[in-house]
Amino acid sequence: MYHKSLRNYISIIRKKNIKLKTGVALFIVLICLLVTGCSKAEPQDKNKELIQGFLEYELNAPNEEAIRTINDLDKWVEEQKEGGPLPLDSEYNTYLKDTYGPYFTDSGYDRFVSTGHALLFHEAANKYDYQITVTKIEVEQNKDTPTNYNFTAYIDYEKKGNEKINAEITGIAIIRDEGIEKITYLGDKEMLRTLTKGD
């Protein structure tokens, strides 16, 4: 009789242990699922990241390396007038290809460079003595034309000795083959003229 009650008691304890272990295991699995589910970020659009990366480089101006490259090209042009050596042109082109190539398609890169848009903000910021700092960039895919992305770059613009000005630069980037085919700045034309021509 004693053995029977002891056996029942052990059986009850075992069942409680199994229930407890099962409960703990389920609790741990649920916590893991909850943490994993909450930590998964919304998949980021690679095209948006590409446009943001380009705008961050292009609009945080002037960039020291860009200015050094522009100065080296200017020096090379002067040397050419005096019959100097040729190799610096290829260094300049290599810098442009390394800097802008990853953002553009081949035809987009050729158009961007041949139209004189490469290093435009950097050169103007250096020449007219001001600083542009990007504070935020928003990029949205156009619902009607999925290859077009509208962007707004929020910047702080500061000319030496003057007050900081908050501004927005808007535009459209056309994406083909996971690269920028064309980028067009829109919006406040007066601000763009100031940033690129010092007006």
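Source: prediction; values computed, not measured.

Asks: Just checking my understanding: could you explain the overall build of the protein chain for this structure?
Replies: Counting its regular elements, the protein chain contains seven helices and four strands. Element order for the protein chain, N to C, with α for helix and β for strand: α-α-α-α-α-α-β-β-β-β-α. The proportion of buried residues among the 199 residues of the protein chain is 32%. For the protein chain, contacts bridging at least 24 residues in sequence account for 57% of all contacts bridging at least 6. In the structure as shown, the protein chain presents an accessible area of about 13,500 Å², 54% of it carried by carbon and sulfur atoms.

Asks: How do you make sense of the pattern of salt bridges when you look at a structure like this?
Replies: Side chains that differ in sign of charge can pair as their charged atoms come close. Counted according to the given criterion, the structure contains three salt bridges. With a shortest N-O distance of 3.4 Å, glutamate 181 and arginine 111 are connected by a salt bridge. Taken as a pair, glutamate 181 in strand β4 (residues 179-186) and arginine 111 in helix α5 (residues 106-114) lie far apart in primary sequence, 70 residues in all. Notably, a salt bridge pairs lysine 160 with aspartate 129, separated by 3.4 Å at the nearest N-O pair. Taken as a pair, lysine 160 in the loop between β2 (148-159) and β3 (165-176) and aspartate 129 in the loop between α6 (120-127) and β1 (130-141) lie far apart in primary sequence, 31 residues in all. Residue classification places lysine 160 among the exposed positions, given a relative accessible area of 61%. On the basis of relative accessible area, aspartate 129 is assigned to the partly exposed category, the value being 37%.

Asks: Looking at this structure, how should I read the packing of helix α3 (residues 64-81) against α6?
Replies: Remark: α3 packs on α6, axes separated minimally by 9 Å, with the N-to-C direction vectors making an angle of 85 degrees. The angle between the axes of α3 and α6 places the two elements in the roughly perpendicular class. Along the contact surface, α3 presents Ala66, Ile67 and Ile70, while α6 presents His122, Glu123 and Asn126.

Asks: Just to check I follow, could you spell out the pairing of β4 for this structure?
Replies: Walk down a regular strand and you will see the side chains alternate between the two sheet faces. Sheet topology note: the β3/β4 ladder contains seven bridges and is antiparallel. Of the residues in β4, the one forming a bridge with isoleucine 175 is isoleucine 180. The loop that links β3 with its antiparallel partner β4 comprises two residues; one of these, aspartate 177, has a positive phi angle of about 45 degrees.

Asks: Just checking my understanding: could you explain the environment of glutamate 138 for this structure?
Replies: Mapped onto the fold, glutamate 138 is located in strand β1. Sequence separation of glutamate 138 and alanine 153 is 15 residues, and the distance between their C-alpha atoms is 6.5 Å. Beyond its immediate stretch of four places on either side in the chain, glutamate 138 contacts Asn150, Phe151, Thr152 and Tyr154. Looking at glutamate 138, its side chain comes within polar contact range of the side chain of lysine 136, at 3.0 Å. Among the polar contacts made by the side chain of glutamate 138, one reaches the side chain of tyrosine 154 at a distance of 3.3 Å.

Asks: Got a minute to help me understand unusual backbone geometry in this structure?
Replies: Note: most peptide bonds trans; most residues except glycine with negative phi. Following alanine 61, the chain continues into proline 62 via a peptide bond in cis, with omega recorded as 0 degrees. With respect to the element layout, proline 62 can be found in the loop between α2 (46-59) and α3. Although it is not a glycine, aspartate 177 sits at a positive phi angle of roughly 45 degrees. On the secondary structure map, aspartate 177 appears in the loop between β3 and β4. By relative accessible area, which is 75% here, aspartate 177 ends up exposed. Positive phi outside glycine occurs at glutamate 178, with the angle close to 60 degrees. Its location among the elements puts glutamate 178 in the loop between β3 and β4.

Asks: Can you walk me through the sheet that holds β1 in this structure?
Replies: The pairing of strands in a sheet comes from backbone hydrogen bonds and takes either a parallel or an antiparallel form. Read from one edge of the open sheet, four strands run β1-β2-β3-β4, paired in antiparallel fashion. Lying at the two open borders of the sheet, with one neighbouring strand each, are β1 and β4. Within the sheet, the average angular offset between the axes of one strand and its neighbour, ignoring direction, is 30 degrees. Sitting on the sheet, α2 is in contact with β1, β2, β3 and β4, with an inclination near 165 degrees to β1.

About the criteria used
- Residues numbered from 1 in each chain as written.
- Predicted model: local features only at pLDDT ≥ 70, side-chain atom pairs only at ≥ 80, totals over all residues.
- Heavy atoms only, no water.
- Helix = DSSP H or I, 4+ residues; strand = E, 2+ residues; numbered from the N terminus.
- Buried < 20%, exposed > 50% of the residue type's maximum accessible area, 1.4 Å probe, protein only.
- Contact = heavy atoms within 4.5 Å.
- Areas by Shrake-Rupley, 256 points an atom, 1.4 Å probe, with all protein chains shown as cover.
- Salt bridge = Lys/Arg side-chain N within 4 Å of Asp/Glu carboxyl O.
- Axes fitted to C-alpha atoms, helices over the stretch in contact; angles between N-to-C directions.
- Parallel < 35°, antiparallel > 145°, perpendicular 65-115°, else oblique.
- Pairing = 2+ DSSP bridges.
- Polar contact = N/O pair within 3.5 Å; in protein donor to acceptor, adjacent residues only side chain to side chain.

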